[in-house]
Amino acid sequence: MQVPVKDQQVQHSIQLINIEESQELFGSRDENLRILQAHFKARIVARGDVIAVSGDASEVRHVVYVFEELLKLVRQGERVTRRDVEFLINSRPEAAPGGVPQGFEPVAWTMRGRKGLIKPKSPGQRNYLNAISNNDVVFGIGPAGTGKTYLAVAAAVTALERKLVRRIILARPAVEAGESLGFLPGDLRAKVDPFLRPLYDAMYDMLNPDLAQRYVEQGTVEIAPLAYMRGRTLNNSFIILDEAQNTTPEQMKMFLTRLGFDSKAVITGDVTQIDLPSGRKSGLVEVAHVLEGIEGISFIRLGRQDIVRHPLVQRIVEAYESISEPPREDSASPAPSPASGGDVSS
C-alpha cells in the first residue's frame, strides 16, 4: 500500500507472514537489512512483521522490488545470501519481465547430498541448474569456485536417483598443469587418478562412500580420462566433461558426438586456466563460437559474483582479471555477464 507523503515522496509497507520469515529475510545479525540501508537513501524501518519504506518514489519502488524478490526465495525454502541482495540491488525492477528477474526462477530439481539439501548460492548457479534440467547439453564456463563441477555432479546423482538415467560418466582430459605424466610413479591408473580426484571428491560428497564405491564397481558410475570415450555411444547416461578448457577442438567434437539417446551432457571449464601446449587452441573456446544458439544446447557463463569459496578467492580472481592482457579472438570466450547463468567447488 503506497501513501503519498509529500512531493515525489511515498511510503510503502510490506507485511510479512511472521517474525521467523523476517529473520530469514534479514539474515544473520540483520546483515541483509543493513546492506539495503547502506545502499539506498530511502528510509527502511523493520518492526516485527512489517517493513516500512519511505522516500523518493523511484528508490522506494526499487527497495520494495528487492524485498519482494527476496521474499519469494524465502517462501521457496531458499536461504537468502548477500549475493542475492547485491544482485537485486544492481538490477532494475523494470528489467524483470513477468515479475521474475533472470536468475531468480525456482530451481527445477531438488537435490540432496550427504549433508542435506543442495541449493544454488547465486543467481548464476540457479540459471546453471535450470539450464541442466531443461537442456540436453550445457556448457558451464567460469572461474574456479563457481560450482561448475559440484553442481553438475549433484544434478547427475539426482537424475540417477530419479531413474532419469541409468549411469553417470565423469571424464577429464589428462593434461598436466606444468607437470609431466611420464614422471609420475605407478601404472596408467595411478598416473591419471590425480587428474580425476576432484570428480571422486564431488561424488563422495553426494553419496554414502559405500554406495559410491558400489556404483563404481558396478559401472553405474564411471570415472575415466577423456581418451576412454573414443568410439563409444553413451545412451541413458548423464555425462560430465570437467576441465574442458584443456580439450583440443578434435577432442571436444569427439566427446560431443558420443551423446546417445536419453542422455545429458554437462561440460565445465575455465578459459583463463588453459594448460594446453603453446599454440594449441582450446576446444572449449572454439565450441562457444560453433554451437551457441543451437536449440537444446545452453551456455551458462559464471563470473566472480558466483564464487562461493573463501571470500579471498573472489578478490584473487578479480586481481588476475585486472592485469590480464586483452584476450585474442582465438583464445577467449565472451565475457561472463552477471545475469547469465553459475561451483560450490569447480
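Residues numbered from 1 in each chain as written. Predicted model: local features only at pLDDT ≥ 70, side-chain atom pairs only at ≥ 80, totals over all residues. Heavy atoms only, no water.

### Description of the overall build of the chain
- Check the secondary structure of the chain and you find 11 helices and 12 strands.
- Counting across all 346 residues of the chain, residues that qualify as buried make up 49%.
- For the chain, the exposed area adds up to about 17,600 Å²; of that, 50% sits on carbon and sulfur atoms. (Helix = DSSP H or I, 4+ residues; strand = E, 2+ residues; numbered from the N terminus. Buried < 20%, exposed > 50% of the residue type's maximum accessible area, 1.4 Å probe, protein only. Areas by Shrake-Rupley, 256 points an atom, 1.4 Å probe, with all protein chains shown as cover.)

### Structural notes on the pairing of strand β7 (residues 137-141)
- In terms of burial, β7 is largely enclosed, as five of its five residues are buried.
- The side-chain alternation of β7 yields two buried faces, one formed by V137, F139 and I141 and the other by V138 and G140.
- Bridge count for β7 against strand β11 (residues 264-269) is five bridges, and the pairing is parallel. Among the inter-strand pairings, I141 is bridged to a residue of β11, identified as G269. (Pairing = 2+ DSSP bridges.)

### As for the pattern of salt bridges
- Inspection of every chain in the model, using the stated rule, returns eight salt bridges.
- R75 is paired through a salt bridge with E21; the nearest N and O atoms lie 2.8 Å apart. In this pair, R75 sits in helix α3 (residues 57-75) while E21 sits in helix α1 (residues 19-26), placing the two residues 54 residues apart along the sequence.
- Its relative accessible area of 8% is what places E21 among the buried residues.
- It is possible to trace a salt-bridge network through shared partners that takes in E31, R82 and E86. (Salt bridge = Lys/Arg side-chain N within 4 Å of Asp/Glu carboxyl O.)

### Thoughts on helix α2 (residues 31-39)
- Those residues of α2 lying buried are N32, L33, I35 and L36. The arc that holds the buried residues of α2, viewed along the axis, is 160°, so those residues lie on one side.
- Packing partners of the buried residues in α2 comprise α1, β3 (43-47), α3 and α4 (82-89). (Arc of directions from axis to C-beta. Contact = heavy atoms within 4.5 Å.)

### Structural notes on the nonpolar core
- Counting 37 residues, the largest nonpolar core has M203 and F238 as its most contacted members.
- Those elements that provide at least two residues to this core are α5 (123-134), α6 (148-161), β8 (167-172), α7 (188-206), α8 (209-218), β9 (221-225) and β10 (237-241).
- A total of 10 residues in this core trace back to one element, the largest contributor, which is α6.
- With residues up to four places along the chain from it excluded, the contact list for M203 reads V153, V157, I168, L170, A212 and V221.
- F26, V66, V85 and L88 belong to the second-largest nonpolar core, a separate cluster that totals 27 residues. (Core = buried A, V, L, I, M, F, W, Y, C linked by side-chain atoms within 4.5 Å.)

### Looking at the environment of E250
- Among the structural elements, E250 can be located in helix α9 (residues 249-256).
- Its relative accessible area of 53% is what places E250 among the exposed residues.
- Put simply, E250 and S282 are 32 residues apart on the chain and 9.6 Å apart in space, counted from C-alpha to C-alpha.

### Describing the packing of aromatic side chains
- The full count for this structure, using the stated rule, is two aromatic pairs.
- When the centroid spacing of 6.5 Å and the interplanar angle of 75° are considered together, the rings of F26 and F67 count as edge-to-face. You can see F26 sitting in helix α1 and its partner F67 sitting in helix α3, a full 41 residues away along the chain. For the pair formed by F26 and F67, the shared burial category is buried.
- With a centroid separation of 4.4 Å and an interplanar angle of 5°, the aromatic rings of F139 and F299 are classed as stacked. Separated by 160 residues along the polypeptide, F139 in strand β7 and F299 in strand β12 (residues 297-301) bring together distant segments of the chain.
- Take F139: its relative accessible area is 0%, and that puts it in the buried class. (Phe/Tyr/Trp six-rings, centres within 6.5 Å; stacked < 30°, edge-to-face > 60°.)

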